[in-house]
Amino acid sequence: MIPYTVNIKLAARTLTGTLNLQNKTAVDWGWQGLIAQGCHTSILIIDPKTAQTIQVLERHKANVVKVKWSRENYHHSLSSPYSLRLASADAAGKIIVWDVVSGIAHCEIQEHTKPIQDMDWLWNQDASRDLLLAVHPPNYIVLWNGDTGTKLWKKSYAENILSFSFDPFDPANLALLTSEGIVFITDFSHSKPPGSSGKKVYIASPHSSPAHSKPTAIQPTGAKKALNKVKVLITNEKPTAEAVTLNDCLQLSYLPSKRSHMLLLYPREILILDLELSQTVGVVAIERSGVPFIQVIPCAQRDALYCLHENGCITLRVCRSTTPLAEEAAVDPEQAVQELVYDLRAQCDAIRVTKTVRPYRAMLCPVNENRAALVVSDGRVMLWELKAHASKAAANPSTGLSPLYTPLDFCATPLAQNQKRIPDLSLNSMIGHTLISGVDPPWPSAGQQEVQLRFILTGLLSGLPLPPFSLRMCPPLTTKNINHYQPLLAVGSSNGSVLVYNLTSGLLHKELSVHSCEVRGIEWVSLTSFLSFATSAPNNMGLVRNELQHVDLRTGRCFAFRGERGNDESAIEMIKVSHLKQYLVVVFRDKPLELWDVRTGTLLREMAKNFPTVTALEWSPSHNLKSLKKKQLAAREAMARQTTLSDAEQSSVESSVISLLQDAESKAETSQGISAREHFVFTDTDGQVYHITVEGNTVKDGARIPPDGSMGSIACIAWKGDTLVLGDVDGNLNFWDLKARLSRGFPTHRGWVKKIRFAPGKGNQKLLVMYTDGVDVWDTKEVQMVSSIRVGRNVTYRILDIDWCTSDKVVLASDDGCVRVLEMAMKSASYRMDEQDLTDPVWCPYLLLPRAALTLKAFLLLQPWSGTFTMDITQVDYSEKDEIKGLVQEQLNSLSNDIKSVLQDPELNLLQRCLLVSHLFGDESDLLFWTVTAHYLQSFAQARQLDVPGPTSPSPAGARQQSTPQGHLDICHDTLCESSFFQRFQLERVHLQEVKRSSYEHTKKCADQLLLLGQTDRAVQLLLETSADNPSYYCDSLKACLVTTIPSSGPSQSTIKLVATNMIASGKLAEGVQLLCLIDKAADACRYLQTYGEWNRAAWLAKVRLNPAEASDVLKRWAEHLCSPQVNQKTKAILVLLSLGCFHKVGEMLHSMRYFDRAALFIEACLKYGVMEANEITNILSKLIGAAFADYARLLRSTGLREGSALWASRAGGAGEEILEELFQGEGSGPDIAPGEQEANSSPGAAD
């Protein structure tokens, strides 16, 4: 059970239920670590670690169709803090950008009134972090500034746009999926709309395309044959009518794991395209009996796909390694790679799919890529986590899958001897990368474990069932029950179950299956038990089966309150429990009412046949319990005296009273043990008011009040104190003041008054009134309306039931399947997240104030001031308000024990700590920077130890003879990878393209690539394949001759160079570059490519053809170009310089960009690895170190960490002296460490 604390003040919140079909695509898992999900017009914010809804945003008037978290790939500081920004779009074309913590809308954007098809934030964020691209139907893309809501540009296309995908490697590339094909845009920029209308390609569907089977050496068998046929032809001509089946393409996305690859999803297959060739290089197909796909999510960290199937099963498929196993390689080296194969490695359980329950969308955690969430149409969110289990070697040789191994390093650094690690931190720490032949050994290195993957369900959020609902809040909080009070709300559903929610946390407390048909009403009889009734559908005589159940929440015991009664009788209209919870009235449609004793469960009276038909009924709040208790007390005192008094005095006490009380006490079954007198009033069809008194088992008829002429048929009554309110079917309210004997009528003109309820709390005379078209709150003292909501005017949903949950908050059930707890003003229900009372603490630094979030980060990154690493912020000198300190400490406490133990592990080095903290913060930019830094710092440090000659980057030969197995960067880093690995990857890719080519165009492209890669023999073979009737036959044949003769003659070089330069000058850039590569003038080729603005191509060529020194020149020029103001991709430039080992330049750039924390930690790491040695200190270097450390000290001082500030200042030499002075003046006494001692330590990481 949920441990409970009494919280008098409940937060306004929304309990959500089933989703609308339009919400299908409205779900997103952000780098911030939270899931946003659209539910009708609201947006839920879910914390996946604890499976709690922590915020509900309400402002949309139409169904939400898309939500997108903003990206976090920028450097965070006080001016650009960690913040929760979310964009949401609805079916009426409105986009809202939210500040999620406060629940306030930043800006609202409206262009057209049709549903937004797709939207996303621009990921290249050096230019601006606020840009949002949206598809406005039918065919517009519009770029918005998401901070101000201004439109930057708008462009229309010829066809309807269904969705788009950004190229994760190049911000200028964008692909649009349209109703007819794909449009590739290559000149996307934030400053102006794309100039051209893009390159349009059509897709002939996999089934309709003819088989282009190449004659292969070995004829493939059944399944292979089928796959060979599935070649998607991407053509520039419009296909014939029968071939156009493009509309069954469900999704298009670029692969974030390797450059210029894209996937297309069809219900029965996933096609992997290589965009350089526009050719399918891999197919994941489902056999006949398999379950079709709905969606696929490609991973970035590994070449893997998460696929969602129609039965709600999520499968993980990992790309098969191309390193042949030893025995295979021996048989046939040529057959090594035929196509990209994605092997099924894990799958989770399916759900039961019915007409109303089907899977909608799956989401993947972008930071770790090992947690997935499945959204189901009934409002459930299932949270699956991927776990790696060590498996015995060759456990299942029959499957033929090559084994997966764990990587050797943790956080990009090899593990120390007894170092703690978190095996399931992220996908790339669970399984090693896809191996590539020629670079990776085909067998595992020592220490690598073979693992198997499997999904585990770690969390489940369930929503409300389908409406209609009936609501009842438990009895109100009083001074007597304050110690054990829980604010429980019972919700009766249409399928007969009753859900009890704890409104403090908003979590489901219990779900009880009580009835077999729709629950009509609920009444609480104590704080932990209630009565509920349900009626079945009427038979042909109009009779039903009534169920009236008594439920005890503590035990879950549930019994039929009316015993055997209930079959074939008139339907129950309502049940009403008296104020003291002693008696129960059951009102039937065509049958006199019954009066029950709740405590004993006995029927007190069944009224006579001639009893009037009841239209409305209410118990009076007045009773004689107090006077009875006084009498009882007097009698008890008398009984106590009785034993000591004389007979004469004893006789003065009425013996009858004593005997009665003794009798009552012996029989007492309830806590009071006495039956107090209570009254109820009801009205009949004529509007006459009856008054009936109940005491014990006696029922007396009281006064009757004749009907009021101004009122129609009375529909409901409410009574509190001296006020009685009647509501009728025509919308009139009549307020009776019983003390002053006055009545006032009010026509509301709102139609039938369905329900009226008084607010709890002494003297609180507020009244909640429900009509068919909305709800009002009235103040009965002043007899005036306080607030009102109306369907169609200020809300889009219809109200089904109402109640008060505290003296100032109401709870409404609506037909969009939600239950809302609202303030009395009944305005929208977004709330501040920090006001929430969550059951489990949530780790999310984004919820802190900007300054506190940065303090928390600095605190986790470095604690050099003491020998041990602490997780208690109160132990450090941190000058901040206690309230904020408490919040920071709460965040620290909410970290899992695994992570705490790794952070406190003295073996964890600086680079690993930086990476781990960026994982915890979901900081995309930090994560990328430290991954590349960690890799190259170690590889250059190793090269230095091995003393590789020359200032250039280590030659592959040198790097291969390392003492420890140092991996290479994953291919998702593209041109940042080592040249040797990058080259090998490109060769393999061309080999694959060659196997898959199906037309002359493809062959030509392959030959061109092979020439650039220096594979002349293979290129000649391809050139000679050209058939004689092809117009380029002559040209290709001459080219083949040229390629074969080049190495033989010297003078030809100058001629070829001249021809190449002329070609480039006349606009044939690609051909000229090829010729230059033929005569080994690739460096000149790169220069030409750069001159003509082909920077990516030049970098690619440098990586695959040039020696380290030449390549380094080309890449440095690229880095300069990236820094230029018109390109403005400095973060990319820094990564390029890191891969070249220009560490000093990187330090300077970081410092000049005012990334003070990153600069200081980076320089620190460089000094530690000895790649920026302090002993060969030139003036420039010491200046840089001084400036960077001093600025970091200032930054730490501004966040309140004084000890850290003093430490860095003391290491900054002259630059830090004034900071130290200021710190000491401010202190009176300095920190524990005298600056002199501290300088003896070479590095603040000594504690590491």
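This one's a predicted model, so the numbers in the text were calculated from it and none came from an experiment. (Residues numbered from 1 in each chain as written. Predicted model: local features only at pLDDT ≥ 70, side-chain atom pairs only at ≥ 80, totals over all residues. Heavy atoms only, no water.)

A. Focus on the overall build of the protein. If you tally the helices and strands in the protein, you get 28 helices and 60 strands. Looking at the protein residue by residue over its 1248 residues, the buried ones come to 55%. In the protein, the proportion of contacts linking residues at least 24 apart, taken out of those at least 6 apart, comes to 56%. A total accessible area of about 53300 Å² is found for the protein, and carbon and sulfur atoms account for 52% of it. (Helix = DSSP H or I, 4+ residues; strand = E, 2+ residues; numbered from the N terminus. Buried < 20%, exposed > 50% of the residue type's maximum accessible area, 1.4 Å probe, protein only. Contact = heavy atoms within 4.5 Å. Areas by Shrake-Rupley, 256 points an atom, 1.4 Å probe, with all protein chains shown as cover.)

B. Region of interest: unusual backbone geometry. In this structure, Pro138 follows Pro137 across a cis peptide bond, with omega equal to -5°. Following the sequence through the fold, Pro138 ends up in the loop between strand E11 (131-136) and strand E12 (140-145). With an omega of 5°, the peptide bond running from Pro467 to Pro468 counts as cis. Its place among the elements puts Pro468 in the loop between strand E33 (450-461) and strand E34 (470-473). Here the phi dihedral of Ala51 falls at roughly 55°; this positive angle occurs in a residue that is not glycine.

C. Seen up close, the packing of helix H13 (residues 979-996) against helix H14 (residues 1000-1013). Axis separation between H13 and H14 bottoms out at 10 Å; the angle between their running directions is 160°. Classed by the angle they form, the pair H13 and H14 counts as roughly antiparallel. The way H13 lies across H14 gives a crossing that is left-handed. Judged by residue contacts, Gln986, Leu987, Val990, Gln993 and Glu994 of H13 engage Cys1006, Gln1009, Leu1010 and Leu1013 from H14. (Axes fitted to C-alpha atoms, helices over the stretch in contact; angles between N-to-C directions. Parallel < 35°, antiparallel > 145°, perpendicular 65-115°, else oblique. Left-handed = near helix turned anticlockwise from the far one by under 90°.)

D. Spotlight on helix H19 (residues 1082-1091). In terms of burial, H19 is largely enclosed, as seven of its ten residues are buried. Listed as buried for H19 are Ala1082, Ala1083, Asp1084, Ala1085, Cys1086, Leu1089 and Gln1090. Of the surrounding secondary structure, the elements contacted by the buried residues of H19 are helix H17 (1052-1065), helix H18 (1069-1078), helix H20 (1095-1105) and helix H21 (1108-1123). Of the residues trailing H19, Gly1093 is marked for its positive phi of about 80°.

E. Here's a closer look at the pattern of salt bridges. For the structure on display, the rule yields 53 salt bridges. For Lys387, the salt bridge identified is with Asp424, shortest N-O distance 3.5 Å. In this pair, Lys387 is assigned in strand E29 (residues 381-390) and Asp424 in the loop between strand E32 (413-414) and helix H3 (427-430), connecting sequence segments 37 residues apart. Residue classification places Asp424 among the buried residues on the basis of a relative accessible area of 18%. Note that Glu1222 is salt-bridged to Arg1197, the shortest N-O span being 2.6 Å. Placement of the pair is Glu1222 in helix H27 (residues 1217-1227) and Arg1197 in helix H25 (residues 1179-1199), with a sequence separation of 25 residues. One network of salt bridges, with partners in common, ties together Arg562, Arg565, Glu569, Lys591, Glu594 and Glu606. (Salt bridge = Lys/Arg side-chain N within 4 Å of Asp/Glu carboxyl O.)

F. Representation of the packing of aromatic side chains within the structure. Considering all chains together, one arrives at 24 aromatic pairs under this definition. With a centroid separation of 5.8 Å and 45° between ring planes, the pair formed by Phe735 and Trp778 is classed as tilted. Residue Phe735 is located in strand E52 (residues 732-737), and its partner Trp778 is located in strand E56 (residues 774-779); the two are separated by 43 residues in the primary sequence. The same class applies to Phe735 and to Trp778, which are both buried. Taken together, a centroid distance of 5.5 Å and an interplanar angle of 65° make the contact between Phe746 and Trp778 edge-to-face. Of this pair, Phe746 sits in strand E53 (residues 742-747) while Trp778 sits in strand E56, placing them 32 residues apart in sequence. (Phe/Tyr/Trp six-rings, centres within 6.5 Å; stacked < 30°, edge-to-face > 60°.)

G. Spatial organisation of a positive patch on the surface. Where like charges cluster on the molecular surface, the positive patch consists of Lys480, Lys626, Lys629, Lys630 and Lys762. Position of Lys480 among the secondary structure elements: in the loop between E34 and strand E35 (488-492). Residue classification places Lys480 among the exposed residues on the basis of a relative accessible area of 77%. (Patch = residues over 30% accessible without salt bridge, like charges linked within 9 Å, V, L, I, M, F, W, Y side chains within 5 Å. Lys, Arg positive; Asp, Glu negative; His and termini not counted. Charge placed at Lys NZ, Arg CZ, Asp CG, Glu CD.)

H. The arrangement of the environment of Ala300 in detail. Mapped onto the secondary structure, Ala300 falls in the loop between strand E23 (293-298) and strand E24 (304-309). Its relative accessible area of 24% is what places Ala300 among the partly exposed residues. Along the primary structure Ala300 and Pro168 are separated by 132 residues, whereas in three dimensions their C-alpha atoms are 9.5 Å apart. The contacts of Ala300, once residues within four sequence positions are left out, are Pro256, Ser257, Glu369 and Cys972.

I. Structural context of the nonpolar core. Counting 178 residues, the largest nonpolar core has Ile45, Leu86, Leu1101, Phe1143, Phe1162 and Trp1208 as the members making the most contacts within it. The contact partners of Ile45, leaving out residues within four places of it in the chain, are Leu34, Ile35, Ala36, Gln52, Thr53, Ile54, Gln55, Leu57, Trp69, Leu86, Val100 and Met833. Core analysis: the next-biggest nonpolar cluster, separate from the first, contains 31 residues, Val498, Leu512, Val519 and Trp524 among them. (Core = buried A, V, L, I, M, F, W, Y, C linked by side-chain atoms within 4.5 Å.)

J. How the structure looks around the pairing of strand E38 (residues 519-524). Most of E38 is tucked away, with five of its six residues classed as buried. Bridge analysis of E38 against strand E39 (residues 529-535) gives five bridges, and the strand direction is antiparallel. Opposite Val519, over in E39, you have Ala534 as the bridge partner. Between E38 and E39, which pair antiparallel in sequence order, lie four residues. (Pairing = 2+ DSSP bridges.)

K. View of helix H7 (residues 850-861). The end-to-end C-alpha separation of H7 is 17 Å, in line with the 16 Å expected for twelve residues at 1.5 Å each. Among the twelve residues in H7, ten count as buried, and that is most of the element. Considered for burial, the residues of H7 that qualify are Ala852, Ala853, Leu854, Thr855, Leu856, Lys857, Ala858, Phe859, Leu860 and Leu861. Lining the buried residues of H7 we find helix H8 (882-893), helix H9 (897-903), helix H10 (910-921), helix H11 (924-946), helix H24 (1156-1169) and H25. (Expected span 1.5 Å × (residues − 1).)

L. A look at the sheet that holds strand E46 (residues 616-623). With antiparallel pairing, the four strands of this open sheet are ordered in space as E46-E47-E48-E49. Every other strand in the sheet has two partners, leaving E46 and strand E49 (698-705) as the edge strands with one partner each. Strand after strand, the sheet turns through a mean of 25° between neighbouring axes, direction not considered. Bridging between strand E47 (residues 677-683) and strand E48 (residues 689-695) involves seven bridges; their strand directions are antiparallel. Residue His679 lies in a different strand from E48, and its bridge partner there is Thr693.

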